[in-house]
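What follows is the residue order along each chain.
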Amino acid sequence: MLIIQKLYIKDFFKVLLILGAGISAIFSIIGLIDKIDDFMPHNPSFSLLLQYSLLIIPKYLHYLLPMLILLSSLFIFSQASKRREIVAIKAASGKLRSILKPFVMLGILLTLFGFVIGEVIVPAASKKARDTRSKITKKEKGITFKEGTLYMRGRDGSIVRISLYMPEKKISSGIAIFRFDSKGLKDKMEAEVGEWQGNVWKLKKVLIYDIESGKTERINETIYAGIESPDILQKDMWKAEDLTIPELIQYQRRLTEAGFKNIKLTVDVNSRLSYPLINFFMLLLGISLSAGVDSISKKGKTAGGIVAGGLGILISIIYWISYTFFLSLGYAGTIPPFIAPWIMPVLFSAGSLYLYNQIPE
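Residues numbered from 1 in each chain as written. Predicted model: local features only at pLDDT ≥ 70, side-chain atom pairs only at ≥ 80, totals over all residues. Heavy atoms only, no water.

Colleague: Explain the packing of aromatic side chains here, please?
Modeller: Geometrically, a pair of aromatic rings is defined through the distance of the ring centres and the angle of the planes. With the rule as written, the count across this model stands at 13 aromatic pairs. Consider the rings of Phe12 and Phe103, whose centres lie 5.9 Å apart with planes at 90°: the pair is edge-to-face. Of this pair, Phe12 sits in helix α1 (residues 3-39) while Phe103 is found in helix α6 (residues 101-136), placing the two residues 91 residues apart along the sequence. By relative accessible area, which is 0% here, Phe12 ends up buried. For Phe103, a relative accessible area of 1% translates into the label buried. A ring pair is formed by Tyr63 and Tyr275, whose centres lie 6.3 Å apart and whose planes are at 90°; its orientation type is edge-to-face. In this pair, Tyr63 is assigned in helix α3 (residues 57-82) and Tyr275 in the loop between α9 (263-274) and α10 (278-291), connecting sequence segments 212 residues apart. By relative accessible area, which is 13% here, Tyr275 ends up buried. Linked through ring pairs, Tyr63, Tyr275, Tyr319, Trp320, Tyr323 and Phe348 together constitute an aromatic cluster. Directly above the ring of Tyr60 sits Lys59, whose terminal nitrogen or CZ lies 5.1 Å from the centroid. (Phe/Tyr/Trp six-rings, centres within 6.5 Å; stacked < 30°, edge-to-face > 60°. Helix = DSSP H or I, 4+ residues; strand = E, 2+ residues; numbered from the N terminus. Buried < 20%, exposed > 50% of the residue type's maximum accessible area, 1.4 Å probe, protein only. Lys NZ or Arg CZ within 6 Å of the ring centre and 35° of its normal.)

Colleague: What exactly am I supposed to notice about the environment of Ile99 here?
Modeller: Along the chain, Ile99 turns up in helix α5 (residues 96-99). When its relative accessible area of 11% is taken as the criterion, Ile99 is described as buried. In sequence terms Ile99 and Leu2 are 97 residues apart; their C-alpha atoms lie 8.1 Å from each other.

Given below as structure tokens:
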């Protein structure tokens, strides 16, 4: 590897680390401030607040990484253009794309890094952040959620297991309720389906096992007030960002087997696969706009670096708005949910590759 290549890579990582640490910390503080009204009545210790702030940093870093990569590459190569280093490389008969080849490999590594953050670090940190939030608010962890199954303590002291919960429809299936009295387990109530109607859960096709007498009773419908409302359940449930792709796929498979089609999960799974890929093309875009500024700017003036930087930021903003727009269309079912998360990455990658191939040698 040439000295100038090592220098560019070193400067790139230096800028990326500074921007990543600074901007992620700012967003983390904003996230803490957003929760401060919930935290302060419980007089939390500084260490718990700091722990919570640190645990939500990976989430923001994951979302911001494509933008950080773009800004870092724009800055490094715009500065190189401003110092006329790009012109010097061309004058020395150096092939510019050959000089930039290590950054192509770097883009692949950053894509893998983004995938690891999203699949390993963010879910683990989000779960710990949820536990830390419970410690701060001094609220016992009353609900456990895993692959669509909910475990909780009912309002009447019972233990409730919901095999499959569909928050969008406010429907539960495979409900088992274990009720206790002073002597121990009193009975077990099983219901095939539970629907939230008005402000209560209506259980259907109910079977009650009386432990003491050994008798069973079947009821078509009954009202049960021991299960928390959907608002409480959804507040304590893990979000898609807290789950890994295998967990999301397992949850989706269980919904399909139960006869429910969840479009949102299909979009979420595909977006988790498509999102890290944009890191590679953000790097290509930054290189293309900055290293090729002599063809963008008039008469080769160094102001082209500023033009490239502004153009790159504008394109990235357009990308995020368009990407979110297509995700919304996928959630709504307007376009196929497995296609929606890939539309902008595919279009954006094609444009980035085109611009990269247009870099003058």
